[in-house]
Amino acid sequence: MIGNVIKSQFLNIRDWPFGAATSIWLTLAMGLLLLVYYSVT
């Protein structure tokens, strides 16, 4: 779902700053989840 939001921000709405911020947020969230996963296992 977040991927669809990012795609629409870049291609349809042309709001590049919000699309870039959402992409960075998604990357950081995935990194945090991986860090938690590796620390638990």
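Quick note: structure is the one above.
Summarised in this report is the structure supplied together with it. As the structure is a prediction and not an experimental result, all values here were calculated from the model. (Residues numbered from 1 in each chain as written. Predicted model: local features only at pLDDT ≥ 70, side-chain atom pairs only at ≥ 80, totals over all residues. Heavy atoms only, no water.)

## A word on the side chain of Gln9
Then step 1. Structurally, the position occupied by Gln9 is in helix α1 (residues 2-12).
Then step 2. Residue classification places Gln9 among the buried positions, given a relative accessible area of 10%.
Then step 3. Among all residues touching Gln9, those that are not within four sequence positions of it are Arg14, Asp15, Trp16, Phe18 and Gly19. (Helix = DSSP H or I, 4+ residues; strand = E, 2+ residues; numbered from the N terminus. Buried < 20%, exposed > 50% of the residue type's maximum accessible area, 1.4 Å probe, protein only. Contact = heavy atoms within 4.5 Å.)

## As for unusual backbone geometry
Then step 1. Phi is positive for Arg14, close to 60°, though the residue is something other than glycine.
Then step 2. Among the secondary structure elements, Arg14 is positioned in the loop between α1 and α2 (16-40).

## Observations concerning α1
In an α-helix, one full turn covers 3.6 residues, which means residues spaced three or four apart are oriented alike.
Then step 1. Listed in full, the buried residues belonging to α1 are Ile6, Ser8 and Gln9. Around the axis of α1, the buried residues are gathered within 165° of arc, so they sit on the same side. Opposite the buried face of α1, at more than 90 degrees from it, the exposed residues are Asn4, Leu11 and Asn12.
Then step 2. Note on α1: the residue one or two positions beyond its end, Arg14, has a positive phi of about 60°. (Arc of directions from axis to C-beta.)

## Brief notes about the environment of Leu33
Then step 1. For Leu33, the location among the structural elements is in helix α2.
Then step 2. Here the alpha-carbon distance between Leu33 and Phe10, two residues 23 residues apart in the chain, equals 25 Å.

## Focus on the environment of Leu32
Then step 1. With respect to the helices and strands, Leu32 occurs in helix α2.
Then step 2. Under the relative-accessibility criterion, Leu32 is labelled exposed at 53%.
Then step 3. Distance from Leu32 to Asn4, taken between C-alpha atoms, is 21 Å for residues 28 residues apart in sequence.

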